[in-house]
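Here is what each chain is made of, one letter per residue.
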Amino acid sequence: MKKSSDPERQVNFVRRRFHKDLNFNPVLMLNFCPDLAALSTLSSDLPTVTREVIFIVHLMGEPSRNVRESLLLAVRSLPARILLNIACCTGDSRALFPASRQCSNDALELACDFIQSNRLCGTTSNLFSVLGRIMELPVHRGYPRQLFMITDTDFINTSRILELIRRHTRTTRVFGFGLGSSICHRFLEKVCRITRGTVELVSEGERLQPKLINALKKALEPALSDITIDWYMPETMEALLTPNEIAPLYPGDCLISYCTLYNIASFRSKKAMARVTRGGSLSSV
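Residues numbered from 1 in each chain as written. Predicted model: local features only at pLDDT ≥ 70, side-chain atom pairs only at ≥ 80, totals over all residues. Heavy atoms only, no water.

As annotated in an unreviewed UniProt entry, the protein chain carries the name VWFA domain-containing protein and is attributed to Staurois parvus.

Below, the structure is given as structure tokens:
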């Protein structure tokens, strides 16, 4: 139907066509609310936690001592099974590792050298291109991706960034840290909200370290990932599932999934009848 300025006319049109155009199929709904906090405690499970943690530094100019020391502490606090990577929005905008690496002694030493070097310094480049490269990195099964974005400047191409983030909300959770008063707080909050992360605003002279560590603890909370649902149906039924890709579940999350059922027995009988008819006509020629 063409767009109309009269909303009542649109409603009436839908009502007239409802019984003619829409198929009535049974729908099953699954509401799954796991109690992740009761499964295990964070303190005892830290050595076995599996996550992919990526730090993105988006700063105008040289990182302050506050930023460097906070990053060093956060990196050194990661459990051994965590996959780590660091990217900065300066220079060629490349990440430290082509693919995230496990927190071995060698990887941690390279990460600390990267943070303390001048590679974090320079003119801030386009955040969209950096995020695009990070999102293209393969997602590791069993390692939900946690993205920590530290910025002290405003954003460009905000609509493209939001579109990119929305395409990866099933795999990536963003924790934002806005330094100073020159950033767009509302945009950073929107990015973190759609990915179920958190945002922290750090004022001038305030320490970043405690807020970064608190967010890191939240990122390492118990989670369920790589979730699949099997709906067992009779041979005559076909199931259409939504959503197709299920995001990891964190404490307080619930999963709502739908399964639409289609009876294909009638389609099979009609198809078989058509084959018989065609076969009979061929034999009579």
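This is not the end of the story, as more comes after the structure.
Student: Whenever I open this one, the state of the cysteines confuses me. Can you help?
Tutor: By definition, a disulfide links two cysteine residues through a covalent bond between their sulfur atoms. Summed over all chains, the structure comprises zero disulfides. The structure places no disulfide on Cys33, whose sulfur is separated from the nearest cysteine sulfur, that of Cys254, by 4.3 Å. Cys254 gets classed as partly exposed once you look at its relative accessible area, which sits at 40%. (Disulfide = S-S within 2.5 Å. Buried < 20%, exposed > 50% of the residue type's maximum accessible area, 1.4 Å probe, protein only.)

Student: What is the right way to read unusual backbone geometry from this model?
Tutor: Leaving glycine aside, a negative phi is the common case for residues, and trans is the common case for peptide bonds. Cis peptide bonds are those with omega within 30 degrees of zero, and the linkage from Thr242 to Pro243 qualifies with 0°. Phi is positive for Arg196, which is not a glycine, with a value near 65°. You can see Arg196 is positioned in the loop between α8 (185–194) and β7 (199–202). With a phi angle near 55°, Asp226 is a residue other than glycine that sits in the positive phi range. Locating Asp226 in the fold gives a position in the loop between α9 (209–219) and β8 (237–242). (Helix = DSSP H or I, 4+ residues; strand = E, 2+ residues; numbered from the N terminus.)

Student: Please explain a positive patch on the surface as it appears in this structure.
Tutor: Together, Arg166, Arg186, Lys190 and Arg193 give the surface a local cluster of positive charge. Element by element, the count of residues in the positive patch is highest for α8, at three residues. With respect to the secondary-structure elements, Arg193 resides in helix α8. For Arg193, a relative accessible area of 56% translates into the label exposed. (Patch = residues over 30% accessible without salt bridge, like charges linked within 9 Å, V, L, I, M, F, W, Y side chains within 5 Å. Areas by Shrake-Rupley, 256 points an atom, 1.4 Å probe, with all protein chains shown as cover. Salt bridge = Lys/Arg side-chain N within 4 Å of Asp/Glu carboxyl O. Lys, Arg positive; Asp, Glu negative; His and termini not counted. Charge placed at Lys NZ, Arg CZ, Asp CG, Glu CD.)

Student: Help me understand the confidence of the model for the protein chain, please; the structure alone is not making it clear to me.
Tutor: Atomic detail in the predicted coordinates should be set aside for any region of low pLDDT. Summary statistics for the protein chain give a mean pLDDT of 82 and a share of 80% for residues scoring 70 or more. Contacts from residues 280–285, a stretch scored under 50 in pLDDT, to residues over four places away or in other chains number zero contacts. (pLDDT = per-residue confidence, 0-100. Contact = heavy atoms within 4.5 Å.)

Student: Help me understand the nonpolar core in this model?
Tutor: What tends to happen in soluble globular proteins is that the nonpolar side chains get buried as a cluster. Core analysis: the biggest nonpolar cluster contains 38 residues, and Phe55, Leu84, Ile86 and Phe148 have the highest contact counts within it. Counting residues per element, the ones that place at least two in this core are β2 (52–58), α4 (65–76), β3 (83–88), α5 (105–116), β5 (145–151), β6 (172–179) and α9. Broken down by element, the residue count for this core peaks at six residues, all from α5. Excluding its chain neighbours within four sequence positions, the residues that come into contact with Phe148 are Val53, Ile54, Phe55, Ile56, Phe175, Phe177, Leu212, Ala215, Leu216 and Ala219. Listed in part, the 24 residues of the second largest apolar core include Cys89, Leu127, Val130 and Leu188. (Core = buried A, V, L, I, M, F, W, Y, C linked by side-chain atoms within 4.5 Å.)

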